[in-house]
Structures are given as structure tokens and as C-alpha cells.
Amino acid sequence: MSTNPIPDWRAKSNLLAIDARAFIHGQRVASLAGETFDVISPIDGKTIAQAARCRAEDVDAAVKSARTTFESGKWSQQAPAKRKRVMLKWAEKLLAAKDELALLETLDMGKPIKYSLGVDVQSAANCIAWYGEAIDKVYDEIAPTPHNALALIRREAMGVIGAIVPWNYPMLMSAWKLGPSIAAGNSIVLKPSEKSPLTAMRMAELAIEAGLPPGVFNVVPGFGHEAGEALALHMDVDAIGFTGSTRVGRKMLEYSGQSNLKRVFNELGGKSANLIFSDFDDLDRAAATAAGSMYFNQGESCNAPSRLFVQESIADSFIEKVVAQSKHYLPGDPLDNNTVLGALVDQGQQRTVMGYIEAGVAEGARLLAGGTAARQDTGGFYVNPTVFDGVNNTMKIAREEIFGPVLSIIRFKDEADAVAMANDSSYGLHAAVWSSNIDRAHRVAKALRAGTVHVNCYDEDDITVPFGGYKQSGNGRDKSLHALEKYTELKTTWIRLGR
Ligand code: NAD
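Residues numbered from 1 in each chain as written. Predicted model: local features only at pLDDT ≥ 70, side-chain atom pairs only at ≥ 80, totals over all residues. Heavy atoms only, no water.

Describe the site of the ligand, naming the residues involved and giving the relevant values.
Inspection of the region around the ligand gives 29 residues, with Val165, Lys191, Glu194, Ser245 and Glu401 positioned closest. Ser245 is positioned with one of its side-chain polar atoms (N or O) 2.6 Å from an oxygen atom of the ligand. Glu401 places a polar side-chain atom, nitrogen or oxygen, 2.6 Å from an oxygen atom of the ligand. Contributions of two or more residues to the shell around the ligand are made by helix 8 (224–233), strand 10 (239–243) and helix 9 (246–258). (Near = heavy atom within 4 Å. Polar contact = N/O pair within 3.5 Å; in protein donor to acceptor, adjacent residues only side chain to side chain. Helix = DSSP H or I, 4+ residues; strand = E, 2+ residues; numbered from the N terminus.)

So, the packing of helix 4 (residues 98–109) against helix 7 (residues 198–209): which residues are in play, and what are the values?
Following both chains from N to C, one finds helix 4 and helix 7 inclined at 160°, their axes separated by 9 Å at the closest point. Between helix 4 and helix 7, the angle falls in the class roughly antiparallel. In contact with Glu100, Leu101, Leu104, Glu105 and Asp108 of helix 4, helix 7 contributes Leu198, Thr199, Arg202 and Leu206. Here the residues of the contact of helix 4 with helix 7 sort into four nonpolar, one polar and four charged. (Axes fitted to C-alpha atoms, helices over the stretch in contact; angles between N-to-C directions. Parallel < 35°, antiparallel > 145°, perpendicular 65-115°, else oblique. Contact = heavy atoms within 4.5 Å. Nonpolar A, V, L, I, M, F, W, Y, C, P; charged D, E, K, R; others polar.)

So what about helix 9? Which residues, and what values?
The terminal C-alpha atoms of helix 9 lie 19 Å apart, and with 13 residues this matches the ideal 18 Å at 1.5 Å per residue to within 8%. Inspection of helix 9 places Thr246, Val248, Gly249, Met252, Tyr255 and Ser256 among the buried residues, and these make up the whole buried set. Buried residues of helix 9, seen end-on, are gathered within an arc of 165° and therefore sit on one face of the element. In this structure, helix 9 carries Arg247, Gly257 and Gln258 as exposed residues pointing more than 90 degrees from its buried face. (Expected span 1.5 Å × (residues − 1). Buried < 20%, exposed > 50% of the residue type's maximum accessible area, 1.4 Å probe, protein only. Arc of directions from axis to C-beta.)

Could you give an account of the pairing of strand 13 (residues 307–311), with specific residues and numbers?
Most of strand 13 sits out of view: five of its five residues are buried. Of the two faces of strand 13, both are covered, the one formed by Arg307, Phe309 and Gln311 as well as the one formed by Leu308 and Val310. With four bridges connecting them, strand 12 (residues 273–276) and strand 13 associate as parallel partners. Across the sheet, the residue bridging to Ile276 is Val310, located in strand 13. Between the parallel elements strand 12 and strand 13, the chain passes through helix 10 (residues 283–295) in a crossover that is right-handed. Bridge analysis of strand 13 against strand 18 (residues 406–412) gives five bridges, and the strand direction is parallel. (Pairing = 2+ DSSP bridges. Right-handed = clockwise from strand over helix to strand, strands pointing away.)

Tell me about the sheet that holds strand 23 (residues 488–496), residues and numbers included.
Read from one edge to the other, the open sheet built from three strands follows the order 5-6-23, with strand pairing classed as antiparallel. At either margin of the open sheet sits one strand with a lone partner, and together these are strand 5 (141–142) and strand 23.

Give a description of the pairing of strand 11 (residues 263–267) that names residues and reports values.
Among the five residues in strand 11, four count as buried, and that is most of the element. As judged from the five bridges shared by strand 10 and strand 11, these two strands associate in the parallel manner. Opposite Ile240, over in strand 11, you have Val264 as the bridge partner. Each parallel crossover has a hand, and for strand 10 linked through helix 9 to strand 11 it is right-handed.

Tell me about the side chain of Asn168, and please be specific about residues and values.
Within the secondary structure layout, Asn168 lies in the loop between strand 7 (160–164) and helix 6 (170–183). Among the residues examined, Asn168 registers a relative accessible area of 3% and is labelled buried. Those residues within four positions of Asn168 in sequence are excluded, and the remaining contacts are Met109, Lys111, Met173, Asn297, Glu300, Ser301, Cys302 and Phe403.

Here it is as C-alpha cells:
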């Protein structure tokens, strides 16, 4: 019996030829001004590529390509079954290129290679395949009108979609926009984060190889205030699918108001509450999950359970378990197959996280673990998993999204106290309740103001289930059939049946 050898990722990375030019109308292109920016790997702080620095004129070329292709009907008027076949082939090509894509993702933004490979590439390919599979199975409606008329209620592709995505799951956040919008027949212009532009262009190349017509999927790498702003202000973009910070999400709404009132779907930040009640019968599992979900992706997850609420009667022993668990998440080389916590995306993010740790100490929270930078000899940007006890819900580390491996623990007396504090946040993305009392689990799940509530688990995930937030965590929903609603217009056609 043969076993697959474990890849030597460092050796593979030395052989990698990285092309970071834009992708417009089916081709790799330099920016029109010929400008580039450095792509720096957070693993060691070294420059690994020069990406095209797209500005308004490049965005304009990409939008024109998207619009012309949409109007041509080459994709938008294809039978859904034909679109399905292309998307399934595209997903196969993503999987066939999984090593290369995973390596690019890890080099670009620092996450451990085993997760780039096993989570990001797999989930992105699954997302493209799932929307391809779905699109020839969704039906429109006929309204129950009086007998002398017929009203068809149909969903039509919108036209040109602008997608602006963050750096924490570059492929996956892109796939969550690409899957539903392209399956529905739209053309798309994707602006990846300037901190992680590499995989987007490879995804586009593979789409062309799979048979997607040129112009359906364009990529304009560049900075937010240049390419991003130009895309969101563009008069010929019909909708923006944005994932990123609440601060920039606000700007998206302004850009829409300043331009053509394009639809804006915001998927924004979080400060998710994880509630542990003393009546839960497996506190070891709850502690392992509290730490594992917090430190996954270096804590750079919008839905990280970064506020851990623990009932006073079990607090000391439970917190001890969480601190012990956090020791399993020491930062390592992201290219090592055994690493579970990698580098933060860049030096700026490392400084931000260290700043929050200082603020926690200054406000009087008790540092129980971590609190320091790590692996400084590598030249990369690492922070040790950090646990604060004695946090109260008004402290900066309880109110603001840190986006790093920092857990804030808040003790509570009873259910009412826990729910009130959990809901006292400007965010409402995810939440969790751990209790063996079925009444309490349902009651609390209902009372928590969040787009997703987990009961006795965290990070359950499936493409069939919507993902998105309440309050300032956003207004759209990615994933599931509901995401198709964002990228289609609802049209009614009345037909008079005789006189
Ligand atoms: P960010 O808001 O700084 O940037 C996101 C994207 O917007 C990037 O491509 C950036 O270049 C672009 N951008 C920045 N300024 C812009 C401007 N003025 N005009 C147009 N575009 C602009 O966010 P980030 O730091 O890349 O990502 C982290 C954030 O994303 C966190 O808040 C996290 O919670 C959130 N996030 C949310 C979800 C979700 O599904 N709700 C998922 C992942 C990440």
C-alpha cells in the first residue's frame, strides 16, 4: 500500500513562479499606469511578488469588460444547466491546483498550510460547485392572482457585481461572492485585499480554463482607497458585495449614495459572545472549543468567539482549562504541516493586536497567558495566544474587534446577566450558549441578537446555511440559496388572459 509523501512546502515555495498581474477580460494584464505594489509575506517579512496596482482607469476597463460580456448574453443567457457544467469543471480545476493555491494563500497571509489546504481551498471549491449544482434546480413563482391574469415573479441576474473582500480568508470570501453571483448569470469585478491578492487571479485563470467566457470574472488588485473606492463609486456597477470592517462598510453605503444607489450588501466585523453555564455537562469540551475557535486563523475570524462569558460558580476551574488549552496554540512556521497557529497578516496587524493587549492591561484586566510577540527572529509577525480574565464588558478589549489571538473572559451571575451583557455590543454576528438544560438553551438562543447562534458547539459550518450578522455586523447573508437573492432582481410580469 502506498502512502502520499508529506509535501516539503518550503521547497515547493522556492519553485513557485508568482504572477500578480490583474486579470481583465480573460487575460493577465499590468495596470494601465504600469504601477505595482509589494506583496510581503508575513511568515518572514520578505517581499514575494509585485502586484498590479490598479486604479480607477483599470477598474473602468474591468467594468466595461464585465458589462459587455453581460450584455452579449454569452454567460447571462446560457441555460442554467450549461452554467452548472462550467462551474463544476471550475471547482475540479481549483481542487486539481490545491497545492499551489494553498501555498499562495499561506505565503500571502500567514495561515498554517494545513488549513489553507484542508479548509480554504476545499471550501472555496465546494462553494463554486454547490452554486453550480443549485442553479438548474431553483424555480421561480407564479402568484395566486384572479383567474383572468397571470403574474410571473422571476429572479433575473442584475448585471455587473463589484466584490470587495478582506484578507483573512481570501479565497473563501471571494468564493462566497463568486459562487452565487456567477451562477445567477452576472459578471463580476473582484477587488481582493492589498494584503492578500494572489489567489484571486489564479482562481480567475482556472475559471477561464473551465470554460467561463472572458469578462465574466475580472480581478483588480490594488488598494482600498484607489481600486476599491473606484469600484464602489462606479456608475455602471449594479451591486457591491462587501466583506470587511464595519468602518469601511459604512463607506460602501456612502459611495452608493454618492453614485448610482447600487445595492450594497455588507458582511462586517464581530465581537461574538460565547456563554458557558454551570449546568453544561462536558466543560472540558466547552473549554477546548472556546480556545480552538478563538485561535483558529490566528484569531483573525469575523466570527471568533472573542468574548467568553463564564458563570461565576464554575469560573475558576473553567478558566484554568481554557488557559491549559491555549498552550496548544503556540505560533509555528506556517509552512510546517504541524503548525496550528501561524503569522498575523502584517506588521500593522501585529501592532494593532499588541496595542489592544496593552490597553487590556492598562484597564485592569488580568493577563493569564500570552501577551507577547513570538518568533521575532524569523522577521515575521506572530503573537502568542493571549487570555485575559477579570474583563468587564465596558473595557476596550470587550467592545472592539481585535482580530488577533486575544480572548477576553467576563464572569456572569445568572442567565439574565449573561444575555444582557452578550447583547450589549454594537456587533451581532455569532454567539453560543453551552447548557445541558434544553429550556435554557432554547431561551438563550432566542434571546441572543446574532445572525448565528450555536448551542453546545461553535464553528459549525456548511455551505447550505446562511452566514451574516445583525446590527453593525452587516445586512447581507452569504452562503445558502439566500445569497442568490443578493445578486438577482425580482421582476414581476403581468399577463392579461383575455378581456
Ligand atoms: P477592511 O475593511 O480594512 O478591508 C476590506 C476590503 O475593503 C479590502 O479589500 C480593502 O482594500 C477594501 N477597502 C478598504 N478601504 C476601502 C475604501 N475606502 N473603499 C473601498 N474599499 C476599501 O477589512 P480587512 O482588514 O481586510 O478585514 C477584516 C475585517 O473583515 C474584520 O472586521 C472582519 O470581521 C471582517 N470580516 C467579516 C466577515 C463576515 O462574513 N461578516 C468575514 C470575514 C471578515
